[in-house]
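Survey of secondary and tertiary structure
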Amino acid sequence: MSSYPWAAGYIDDGDRPKIVTSRFHLEDGYTLERYQATGGYDGLRRALAKSPAEVHDEVRGATILGRGGAGFPAGTKWGLMPADKYPRYLVVNGDESEPGTYKDRLLMERDPHQLIEGCLIAAYAAGLAQVFLYIRGEMPLAHERVGQALNEAYAAGYVGTNILGTDFSVDIVLHWGAGAYVVGEETALIESLEGKRGEPRLKPPFFPAAIGLYGQPTIVNNVETLSNLPWLLVNGMEAYTAIGTQTSPGTRMVAVSGHVNRPGVYEIVNGTTTFRDLLYGDEFCQGIRNGNELKAFVPGGGSAPWFTPEQLDLPFEGRLVGAAGSMLGSGAIMVMDHTTDIPAAALTLTHFYAAESCGQCTPCREGGTWLERVLSRIVDGNGTPADLDQLLEIGESICPGAFPHASSSALGLEATPFPYKMTTICFVGPSAYAPVHSALTLFRSEFEAKITRRNSIPVTAVHATPETAGAH
Amino acid sequence: MTATENAGTPPTDDAPVPDPNAVQITVNGVAHTARKGQLVIEAAADAGVYIPRFCYHERMTPVGKCRMCLVEADSGRGPAVTVSCMVPVMPDMKVETESPMAKRMQEGVLELLLANHPLDCPVCDKGGECPLQDQTMTHGPGESRFVEEKRHYEKPIPISDLVFLDRERCILCDRCTRFADEVAGDALIHFISRGNTTQVMTFPDEPFASYFSGNTVQICPVGALTAKPYRFKARPWDLEEIESTCTTCAVGCRTVVQSSRDELLRSQGVDSDPVNWGWMCDKGRFGFEAVRTERVTEPLVRTAHGLEPTGWNAALRSAVQLIEDGKLAAGPSAVAVIGGARGSNEDAFAWARLAHDVIDTPHVYAQMGDGLPVGMLAMPRATIDDTAAASTIVLLGPDLKEELPVLYLRVRDAVQKRRVRIVEFTPRESGLTSLAWKSAVYEPGGQVEAVRAALADPEIADQLAAGPVVVIAGRSNLAESSGATVQAVQTLLAGVPGATVLPAFRRGNVVGALQVGMRPRPGGLDTRGILQAAADGKIECLVLVGADPLADFPDTDLARRALAGARRIVSVDTHLSASAQHADVVLPAAAFGEKSGTTTNLEGRVTTLGRKVTAAGTSRPDWMIATAIARGLGTDLGFRSVDDVTDAIARMVDGYEGVTRDALADSADGVLSAPPATIAAIDPVEVEVPVRNSYDYRLVVTRKLYDAGVTVSNSPSLAHLAPGQRVHLHPLDVERVGVQPGADVRVSSSRSAAVMRVEADPTVLRGTAWIAFNQPGGNVGDLIDSTAIVTDVRIENL
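Residues numbered from 1 in each chain as written. Chains lettered and ligands numbered in written order. Predicted model: local features only at pLDDT ≥ 70, side-chain atom pairs only at ≥ 80, totals over all residues. Heavy atoms only, no water.

1. Remarks on the domain arrangement of chain B
Residues and elements named next belong to chain B. Along its sequence, chain B is organised into domain 1 (25-150), domain 2 (151-228), domain 3 (300-371 + 509-672), domain 4 (374-503) and domain 5 (697-797). Counting from both sides, the interface comprises 15 residues of domain 3 and, opposite them, 14 residues of domain 4. Of the roughly 1100 Å² buried between domain 3 and domain 4, counting both surfaces, carbon and sulfur atoms make up 63%. On inspection of domain 3 and its partner domain 4, the count reaches zero salt bridges. Viewed at the interface, domain 4 and domain 3 are joined by five residue pairs in polar contact (both at pLDDT 80 or more). Per-element tally for the side of domain 3 that touches domain 4: the top contributor is helix 16 (residues 510-516), with three residues. Counted by class, the side of domain 3 that touches domain 4 contains six nonpolar, six polar and three charged residues. (Domains from an automatic or database assignment. Contact = heavy atoms within 4.5 Å. Buried area = accessible area lost by both parts, 1.4 Å probe. Salt bridge = Lys/Arg side-chain N within 4 Å of Asp/Glu carboxyl O. Polar contact = N/O pair within 3.5 Å; in protein donor to acceptor, adjacent residues only side chain to side chain. Helix = DSSP H or I, 4+ residues; strand = E, 2+ residues; numbered from the N terminus. Nonpolar A, V, L, I, M, F, W, Y, C, P; charged D, E, K, R; others polar.)

Printed below as a string of structure tokens:
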């Protein structure tokens, strides 16, 4: 069986360990009945039999790396909350909107009870009073399924007061986003939940664990991160860390898109699977389409610096990928074969981030759009030679100092490792620059080839002028 | 002592104790001692290093949005990009504001800010005083590399009656929006859209109608916000300016008055720490327009043809003659003087000397029957800072937002930032009700009962016992006598030992006028008494010093009878007010901005007034007029200049000993005066409130910020903002009257009847009717009987 019509995009070949996608092959895996019949809520029962501290230790010991983008260990994050400040909240970041990423959507659509169970385990272990499930506005099916599952779970006594007859009580509130990429940033998500404009908060404080929703300690966890918890509680820490490597245990979901033969979402073993395995392996993407050459790929969502075939043998291991000049991010791999127009590809990504800037800080608001407009001029054939360095200069105003990029033996380039400095409040600004920087660093000649009208005076940009309505 | 020596010797007793709040940092390599918790941007400023900024404003919460203040700071983990307006200093922090990285970031942010900013500086009102322009010169890259087409929006759009917004110029620093939300509490402007099309906007069909909107224009770091009264009027480099104090109300906001070609063009708030923090209300900010509108420019004397212009000598002779005639006919007490609260301390002092020493009448009063007795000033007094620092503020006075707007901002800040608790007693919901911890809405006359009930409530009693209590006391209803309020204040002070009082007196210099002598001597009458005596034909000569009883005295009928009954009337005024039109002699007085001197605010703080423009026509300061009349009556008051009067006040007025010209010159924040010992405390008051007939409504009459007074009606930008006269009833009472909201109803009291539109207003208590005082075309004063404890009205369907 290679895929399932009810789980479009999910591909399950071969005999790999499954932690979070174990019910994807079941057409009715999202129902409470099926969930219970396949071991559902056993993890919660095991958790409730232990003390919260024991559950927390189990999670900490399993080193579940956050699957939202930053890869911060969940158990450690929970421990960052000030000891005596209550109430504390759990916010589930289901606002998955990083370009190329669609794994959380499948998790919410196919196995909502697993997520709910994960929330309950987290709430129990970290002493959280209430759970807020924030689902991206453009995912109506996920919203419907999670809502339905919540109703079932409430009716069955898994959520609410005195869960499973214990004195553990927690409510889960479902919240539907209004369609802004930046709300995937955890503090912007909290602002949005509070009913304000979805704008990232200023750092410090660096973690909502200290001051989060309504000023209270708040844990913001990704959907996939929490979906790992039921399996962990049933199978134990040792079983979990037996999969993958010591620093990157367990599995992770990746979403591959672009020029491969079999794009889709895969659950892969963390830390050991390499990008070559993923892109060329028979059980995965089965190579580049039409037998074409791989030109470049984005290893961790649209905001990650690009890799070239030289980095194919890197495993899914955050530290190694970071040292090589990119990040694993949200687990979205975008593949470009040799037919790809690199400047146009960079423009597509930069356009996204410029359009999705929240607009509160200057470098992102102005710099993102400036990058986009210069790029679009180049792509349209109206570029000037000065534009290329200008792009890097704008980027320097967003990210002063060295910006990470991959090594290239052909160009004689050493890799510049993660992370980078930034003048912005959050990562949206640098994200707009990342594709420009990678494309220009690794494929500068393609930009130069587009600049045909040397020293020409650029006329106008394709960018639409802002609407002038609103006057009254 | 070197470190080596220090290590061996035990600390001696006289070794300085290390300051626990001191934090050692370096700024650009120079050691500096900062305060714990201080922001890097402030610490650097103390060390003499200016970090450029746009969104940062010292009176508002930092937001770190513009990114202009980025510096490098090393707290031990290597140099880090640091938002200096958000990050507090850390021990041994090394701040670099001019390192290559810091300069690169500052230049980068400025280039990005300018990318879409139109370079229309030559036609921009802000040009010449623009933080963006200035900081581009000091910290910018020098040239722009942005060759794309800039953002375009419709050029300025009005976002309120007073403020225009040019979105092309806006750099989205969040100052105006933050001010509106955080300081003013009128969150009527906000960001809409996102990314590169983010813009400041009002909500649909809801203008930025805030009493404080002018502040957003002042704090805008670019020319995006402009105010109607100043747009295209002058270039900043053509403006001359002088510091002064706003005398629109008694808060006494420090201001800088600016003029060009001898015409007042703008007032800007000055940050005075104990008073206004740089803020102003729109009436104070834009009311200068009245100074140049419809002024009396020449003395007027009544002839057979009405009031005719004449020269000063003739007019002064007439005035002196009228006063002397009055004294001859019925003795000195047949002359009465009302007013003096609108001018300076010097004006009031000279008039007090003239009235008391030269004319020798006991009937002198600076209030217009709309305040509380002068004895309130003898109560233990609190300052505005004391009020903001109290544990509990008891409001037993007017709606601060309407009458003393910047005091409202200070109280609001104390509640929001310091968690001060407000216990409010009010006849209808006020601007502070939503912030009050406890709010008791009482029926007029019921304030004593309400205070007693509050004192008996254990929760409130605990709160009042928990720490300093300040009572803001003033007149909350013009349709009832001040008696019940005075009794309520006395009850409160008896129940809360140690409580202090901030007198919420309204007129610009009313506290100063009362303190320097514009108050009755023993046996003298207050304003109601004077007007009653005039109505009874006992006043031969009534002198109105900037007083307009027809507009300001709550009982219009009495005022009308008084002006008819007084044999002769001398009016000293800036404008030909309704009352001045009844005068026999009108002497033109210099207005705000046209005279120097000092003024006293409601807490007793004396600050200076600046003279910026030439007085209109031949008008003269009131003190000069008083001096001339005294000379005509045969006495030399000895005042040759305004400084002579200031010195005389310091020399002669009890409580003003410290208010010398030297002391005022030394302190920009002014000098506190004390109430003179001769102002006696008010004897205990016992008011018997009549029972209300259940068919009647008890009348509440209060002021709105914008009314038909001289300042607003003569300021073209403000005049149309007065809301007009309506009778507000609780929705259920509107139903009871049997009309639809918006219909005309007849409102009748024992005095008179008036027809006006009815509004359904849930903020009004059932059984009461609220009408705003002195609105254009309004006549609510006809309904009020100033001799009654309360005024009850009947409201009927036409």
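2. Considering the packing of aromatic side chains
To describe a pair of aromatic rings, you give the distance between the ring centres and the angle between the ring planes. For the coordinates displayed, the defined rule picks out 27 aromatic pairs over all chains. Ring centres 6.3 Å apart and planes at 80° place the aromatic pair Tyr89(A) and Tyr214(A) in the edge-to-face group. With Tyr89(A) in strand 1 (residues 89-94) and Tyr214(A) in the loop between helix 8 (186-193) and strand 4 (218-222), the pair connects residues that are 125 residues apart, well separated along the chain. Accessibility expressed as a relative area gives 13% for Tyr89(A), which makes it buried. Here the aromatic rings of Phe212(B) and Tyr408(B) are separated by 6.0 Å at their centres, their planes lie at 10°, and the arrangement is stacked. Of this pair, Phe212(B) sits in the loop between strand 9 (199-202) and helix 6 (213-219) while Tyr408(B) sits in helix 12 (residues 405-418); the two residues are 196 residues apart in sequence, bridging distant segments of the chain. When the ring centre of Phe443(A) is taken as origin, the NZ or CZ atom of Lys295(A), which lies over that ring, is 5.9 Å away. (Phe/Tyr/Trp six-rings, centres within 6.5 Å; stacked < 30°, edge-to-face > 60°. Buried < 20%, exposed > 50% of the residue type's maximum accessible area, 1.4 Å probe, protein only. Lys NZ or Arg CZ within 6 Å of the ring centre and 35° of its normal.)

3. Description of the pattern of salt bridges
Residue and element names in this part refer to chain B. In total, this model carries 86 salt bridges over all chains according to the counting rule given. Between Glu182 and Lys417 there is a salt bridge; the shortest N-O distance is 3.2 Å. Of the two residues, Glu182 sits in helix 5 (residues 175-183) while Lys417 sits in helix 12, which places them 235 residues apart along the sequence. Lys417 gets classed as partly exposed once you look at its relative accessible area, which sits at 45%. With a shortest N-O distance of 3.9 Å, Arg703 and Asp707 are connected by a salt bridge.

4. Some details on unusual backbone geometry
For residues other than glycine, phi is negative in most cases, and the peptide bonds are mostly trans. Cis geometry is adopted by the peptide bond preceding Pro87(A), which originates at Tyr86(A) and carries an omega value of -5°. For Pro87(A), the position within the fold is in the loop between helix 4 (74-78) and strand 1. Here the amide bond leading from Phe418(A) into Pro419(A) is cis, since omega sits at -10°, within 30 degrees of zero. The phi torsion at Asp92(B) lies on the positive side, around 65°, for a residue other than glycine. Topologically, Asp92(B) is positioned in the loop between strand 4 (79-83) and strand 5 (94-96). Even without being glycine, Asp262(B) reaches a positive phi, approximately 65°.

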